[in-house]
Amino acid sequence: MTAPQPSSEIAYNGSMKILVMEDDREAADYLQKAFAEAGHTAHVAGDGETGFALADAGDYDVMVVDRLMPRRDGLSVIAALRSRGNTTPVLILSALGEVDDRVTGLRAGGDDYLTKPYAFSELLARVEVLNRRASARESETVYRVGDLELDRLSHSVKRAGREITLQPREFRLLEYLMRHAGQVVTRTMLLENVWDYHFDPQTNVIDVHVSRLRGKIEKGFDKPILHTIRGAGYMLKGG
Amino acid sequence: MALSLPAIMKTTAARLSALYLLLFALCAVLLVLYMTSLSARMLTAQTQETINDEVLGLARAYQRGGLPVLVRVVEARSRQPGANLYLIADANGQILTGNVQSLEPGVIETEGWTTEPFSYRRFGEGELDRLRSGATDQPTPQAGDGNNPQSTGEKGHNAIALVLRLPNQMIMLVGRDLGEPERFRAVISRALTLALGMMGLGGILIWFFVGRAALKRIDSVSDASRRIMGGDLSGRLPVTGAGDEFDRLSENLNTMLARIAMLNEGLKQVSDNIAHDLKTPLTRLRNRAEATLAGRHKTEDYRQALEGTIAESDQLIKTFNAILMISRLEAGYSSEQTGPVDLAATVSDVVELYEPVAEEAGVALETTAPEALTINGNRELIGQALSNIVDNAIKYSTDAAETPKVRVALERVGNEIKLAVTDNGHGIPDNADRARATERFVRLEKSRSQPGSGLGLSLAKAIMTFHNGRLDLLPANPGLSVVMSFPLRETH
């Protein structure tokens, strides 16, 4: 597991209240501490029953749920919460990493799935993207970040009023980055959401795609807008 | 091995032979009984016919001269050696003449054929008995007066007879001794007993030899398996070459053992490789942390060291994930979901994904693929396999003599779909090396310097096996062609 990045580089969408259901005491403590360092508040439940009770009572922004827990397994906790009308976004943590394990997890009501061992930067980025207060952008048709503007309907991109021509994939890449502007987006998140593949490419193919995109949206403009977050991923941030 | 009876009885061979022996004996007994009763009936019928003839002759004599002639004829016939039984008695049952001295009471009371064989005594046979018992009896004792032949002597004979009542109310009995059929029956029963005895003995002998032979074979098989269980996985079960059930069993078990040995060997190789390929970066990781702690450094140095540590552990996690995935795919119980996959779309996805990388490396990435080509499979897995192969091809084409080029070609050949990734680099000239390239962690000497876990091709191979397909490495002169072959039908 890796240490969280210094907060100076990451602009957070405010502080989140996170519920961590994890039976490994040490891992849970680490997560609590790491989330706190990243500016969030995390509560820990050591087993499924406690987790269910806390989730049912409290108002959390995101839940991180270990799949295998004593007293009640993660998937059944999620299913029970969903059937009670709880729509809090859930990230499932699991040592099981098969494609269909992921499918089962998402079908049970999970919103994202991360296989152990994971990098904390990856977990943090995913949790922040899951935060429902940050995902209100889904419905917007035009994304604006600084002087960059993307129209989802006409598929046009402008920066400072200047038209930028993008390939279809570059458009989707930028669309995803802009939807999560101000949040760290990892390479695997990009591969999953832009290419719909869930494996780790051997070479950092994503980096080359991003640097191409960066060339198109930054070349000829003063200010950088697409930032590389070392050890974590990328972030689109205006101004 | 001691061959005690309970031990023998525990063998399947012994049990089976005992069962067969029992069934066979039962059949033999039934057959012999049937034969005996049939021949006895035939003999009885023959006897009755003889008696009938006799009676006809006597009847003619009676018609000719009445009772005196009949008596004379009877007396004459009675004296002939081996004669039939003759008896003439008065209405009260008092014996008047004939060669029967005494017979079972009640035999002459009912007319017609005697219903069952009866015992009797001829004249001359009972003399000794009578002398011994005082000989006070009349020479012509009344039939049924208690001078029962069965009670006075054991030497009675059995006979069947026809009892007739003459017109003057006198009784005539004509009979025949049953000695012959009874001897026949005795012979049969002796033969039967002997046959059964011999059968039993033969059975036990066969049982002993066959059972022992089977026992020996089974024992040698269990000895061999004990040795193998003891850890000698190279041991094999004995095959005699007879081609019988034991040989077939041994051959199958040997094939199984070979497979186990192979898997075991694979496992050993993997653990060796894990030891090497995971321990090396772990050691590096540890050394770096130690070195950073030991000296006095600026914050920036710590930062760099930590970043290096993160990169290193990410690589470790990747390697670890790949190992897990390969073993799950190879174990074959993987429940990865399959469905229709458009290979043409997968090709364009992966090529599009790698196009910038290729361009940056100065490699021309070309594609030839039909509009759409759908198979049943797992899109994620196929995408991963293809991207590993394309990744490799781009890396290894950079040392090409001419412009580096990677061609991805998807086409249908016969009843296979071939997805070939061909580069024009140095390839793998050595056939043996090419064959080894898909083994886990094998990184041919030249590629040691390249980054990567050495698992890319192994994972691709495992994925192809999962899809009932093949992964072949062919020379492309120059360069290498990695061909994924999918069967057109039956992919899970």
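The rules we used
Think of each chain on its own: its residues are numbered from 1, step by step along the sequence as written. As they are written, the chains are lettered A onward and the ligands numbered 1 onward, keeping that order. Residue-level local features of this predicted model are given only where pLDDT is at least 70; pairs of side-chain atoms are given and counted only at 80 or more, and the full residue set underlies all totals for whole chains, interfaces and linings. For the purposes of this entry, the term helix denotes a DSSP run of H or I that reaches at least four residues, the term strand denotes a run of E that reaches at least two, and both are numbered from the N terminus. Buried residues are those with 20 or more other C-beta atoms within 10 Å of their own C-beta, exposed residues have 12 or fewer, and partly exposed residues lie in between; C-beta atoms are placed from the backbone. A pair of residues counts as a contact when their C-beta atoms, built from backbone coordinates, are within 7 Å of each other. Put simply, a nonpolar core is a cluster of buried Ala, Val, Leu, Ile, Met, Phe, Trp, Tyr and Cys residues tied together by C-beta atoms within 7 Å. With axes taken as lines fitted to C-alpha atoms, and helix axes fitted only over the stretch in contact, angles between N-to-C directions fall between 0 and 180 degrees. Should an angle fall under 35 degrees it is taken as roughly parallel, and over 145 as roughly antiparallel, whereas 65 to 115 is taken as roughly perpendicular and any remaining angle as oblique. For this classification, the nonpolar set comprises Ala, Val, Leu, Ile, Met, Phe, Trp, Tyr, Cys and Pro, the charged set comprises Asp, Glu, Lys and Arg, and every other residue, Gly included, is treated as polar. You can read pLDDT as the predictor saying how much it trusts each residue, on a scale of 0 to 100. Under the convention used throughout, the expected extent of a helix is 1.5 Å for every residue step, that is, one less than its residue count. Think of it as the arc spanned by the lines of direction from the helix axis to the C-beta atoms. Here the rule is simple: two strands pair whenever DSSP picks up at least two bridges between them. Left-handed is the label given to a crossing in which the near helix is rotated counterclockwise from the far helix by less than a right angle, and right-handed is the label when the rotation is clockwise.

Undergrad: Provide a residue-level description of the overall build of chain A, including the pertinent values.
TA: Tallying secondary structure elements over chain A gives eight helices and 12 strands in all. Expressed as a percentage of its 239 residues, the buried residues of chain A come to 42%. In chain A, 61% of the contacts between residues at least 6 apart in sequence involve partners at least 24 apart.

Undergrad: Requested: an account of the overall build of chain B, with residues and values cited.
TA: If you tally the helices and strands in chain B, you get 11 helices and 14 strands. Looking at chain B as a whole, 27% of its 492 residues are labelled buried. Once local pairs closer than 6 in sequence are excluded, the contacts in chain B between residues at least 24 apart make up 66%.

Undergrad: Describe the nonpolar core, with residues and values.
TA: Ranked by size, the top nonpolar core spans 114 residues in total, and within it Ile18(A), Val64(A), Tyr354(B), Ala385(B), Val390(B) and Ile463(B) carry the most contacts. Per element, the largest residue contribution to this core is nine residues, and it comes from helix H9 (residues 379-397) of chain B. Apart from the residues lying within four places of it in its own chain, the contact partners of Ala385(B) are Leu459(B), Ala460(B), Ile463(B), Met464(B) and Met484(B). With 27 residues, the next largest nonpolar core counts Val74(B), Tyr86(B), Met172(B) and Val174(B) among its residues.

Undergrad: Which residues make up the packing of helix H6 (residues 168-179) of chain A against helix H8 (residues 205-218) of chain A, and what values do they have?
TA: Residue and element names in this part refer to chain A. H8 packs onto H6 with a crossing angle of 85 degrees between their chain directions and a minimal axis gap of 10 Å. Taken together, the axis directions place H6 and H8 in an arrangement best described as roughly perpendicular. Along its contact with H6, which presents Glu170, Leu173 and Leu174, the element H8 presents His209, Arg212, Leu213 and Lys216. Of the residues that constitute the contact of H6 with H8, the class distribution is three nonpolar, one polar and three charged.

Undergrad: Describe the confidence of the model for chain A, naming the residues involved and giving the relevant values.
TA: Within chain A, residue pLDDT values average 84, and 89% of them lie at 70 or more. Looking across chain A, the model is least confident in helix H4 (residues 99-107) of chain A, with a mean pLDDT of 78, and most confident in strand E3 (residues 62-66) of chain A, with 92.

Undergrad: A description of unusual backbone geometry should follow, citing residues and the corresponding values.
TA: Residues and elements named next belong to chain A. Despite not being glycine, Arg71 has its phi angle at roughly 70 degrees, a positive value. If you trace the backbone, Arg71 turns up in the loop between E3 and helix H3 (74-83). For Asp196, which is not a glycine, the phi torsion comes out positive at approximately 65 degrees. For Asp196, a count of 11 C-beta atoms within 10 Å translates into the label exposed.

Undergrad: I'd like to hear about H8(A), residue by residue, with values.
TA: Residue and element names in this part refer to chain A. The end-to-end C-alpha separation of H8 is 20 Å, in line with the 20 Å expected for 14 residues at 1.5 Å each. Looking only at H8, the buried set comprises Val205, Ile206, His209, Val210, Leu213 and Ile217. Relative to the axis of H8, the buried residues are bounded by an arc of 130 degrees and lie together on one face. Looking at the residues trailing H8, positive phi occurs at Gly220, about 90 degrees.

Undergrad: How would you sum up the sheet that holds strand E14 (residues 480-487) of chain B? Please name residues and give values.
TA: Residues and elements named next belong to chain B. Read across the open sheet, the five strands follow the order E9-E11-E12-E14-E13; overall the sheet is mixed. The two strands at the open ends of the sheet, each matched to only one other strand, are strand E9 (364-368) and strand E13 (470-475). Going across the sheet, the axis of each strand differs from the next one's by a mean of 15 degrees, ignoring polarity. Pairing of strand E12 (residues 416-423) with E14 involves seven bridges; the strand directions are antiparallel. What sits directly across from Lys418, in E14, is Ser485. Strands in contact with H9 are strand E11 (405-413), E12 and E14; relative to E12, the strand with the most contacts, it is inclined by about 25 degrees.

Undergrad: Can you tell me about helix H7 (residues 187-195) of chain A, naming the residues and giving the values?
TA: Along H7(A), the residues classified as buried are Thr188(A), Met189(A), Leu190(A), Val194(A) and Trp195(A). Those residues of H7(A) that are buried are in contact with helix H5 (120-130), H6, strand E10 (185-186) and H8 of chain A together with helix H8 (343-360) of chain B. Count one or two residues on from H7(A) and you reach Asp196(A), which has phi positive near 65 degrees.

Undergrad: Would you mind going over the sheet that holds E3(A) in detail, with residue names and values included?
TA: All names here are of chain A. Ordered in space as E2-E1-E3-E4-E5, the five strands form an open sheet in which the pairing is parallel. Of all the strands in the sheet, just strand E2 (41-45) and strand E5 (112-115) have a single pairing partner and so form its edges. In this sheet, adjacent strand axes meet at a mean angle of 20 degrees when their direction is disregarded. Across four bridges, E3 lies against strand E4 (residues 90-94) in parallel orientation. Within the sheet, the bridge partner assigned to Met63 lies in E4 and is Val90. Here helix H1 (residues 25-37) sits on the sheet and contacts strand E1 (17-21), E2 and E3; the angle it forms with E2, its principal contact strand, is near 170 degrees.

Undergrad: Describe the environment of Thr47(B), naming the residues involved and giving the relevant values.
TA: Residues and elements named next belong to chain B. By the element assignment, Thr47 lies in helix H2 (residues 12-79). On the basis of neighbour count, Thr47 is assigned to the buried category, with 20 C-beta atoms found within 10 Å. In this structure the C-alpha to C-alpha distance between Thr47 and Leu178, which are 131 residues apart in sequence, comes to 8.4 Å. If we ignore the near neighbours within four places in the chain, the residues touching Thr47 are Ile160 and Arg176.

Undergrad: So what's going on with the confidence of the model for chain B? Which residues, and what values?
TA: Residue and element names in this part refer to chain B. Across chain B, pLDDT averages 77, with 83% of residues at or above 70. Segment residues 132-154 is flagged for pLDDT under 50; beyond a separation of four residues in sequence, or across chains, it makes 33 contacts in the model. Low pLDDT (under 50) marks residues 444-451, which in the prediction has five contacts with non-local residues, meaning those over four places away or in another chain. Overall fold confidence (pTM) sits at 0.61, and the ipTM for the predicted complex is 0.80.

Undergrad: A description of the packing of helix H2 (residues 48-57) of chain A against H3(A) should follow, citing residues and the corresponding values.
TA: All names here are of chain A. Axis separation between H2 and H3 bottoms out at 10 Å; the angle between their running directions is 25 degrees. On the basis of their axis angle, the class for H2 and H3 is roughly parallel. Here H2 runs over H3; the crossing is right-handed. Only Gly74, Val77, Ala80 and Leu81 of H3 make contact with H2, whose side of the interface consists of Gly48, Gly51, Phe52, Ala55 and Asp56.

Undergrad: Now, about the environment of Asp177(B): what can you tell me, with residues and values included?
TA: All names here are of chain B. Among the structural elements, Asp177 can be located in strand E7 (residues 171-177). We classify Asp177 as buried; it has 20 C-beta atoms within 10 Å. Sequence spacing of Asp177 and Pro117 is 60 residues, and the spatial spacing of their C-alpha atoms is 9.2 Å.

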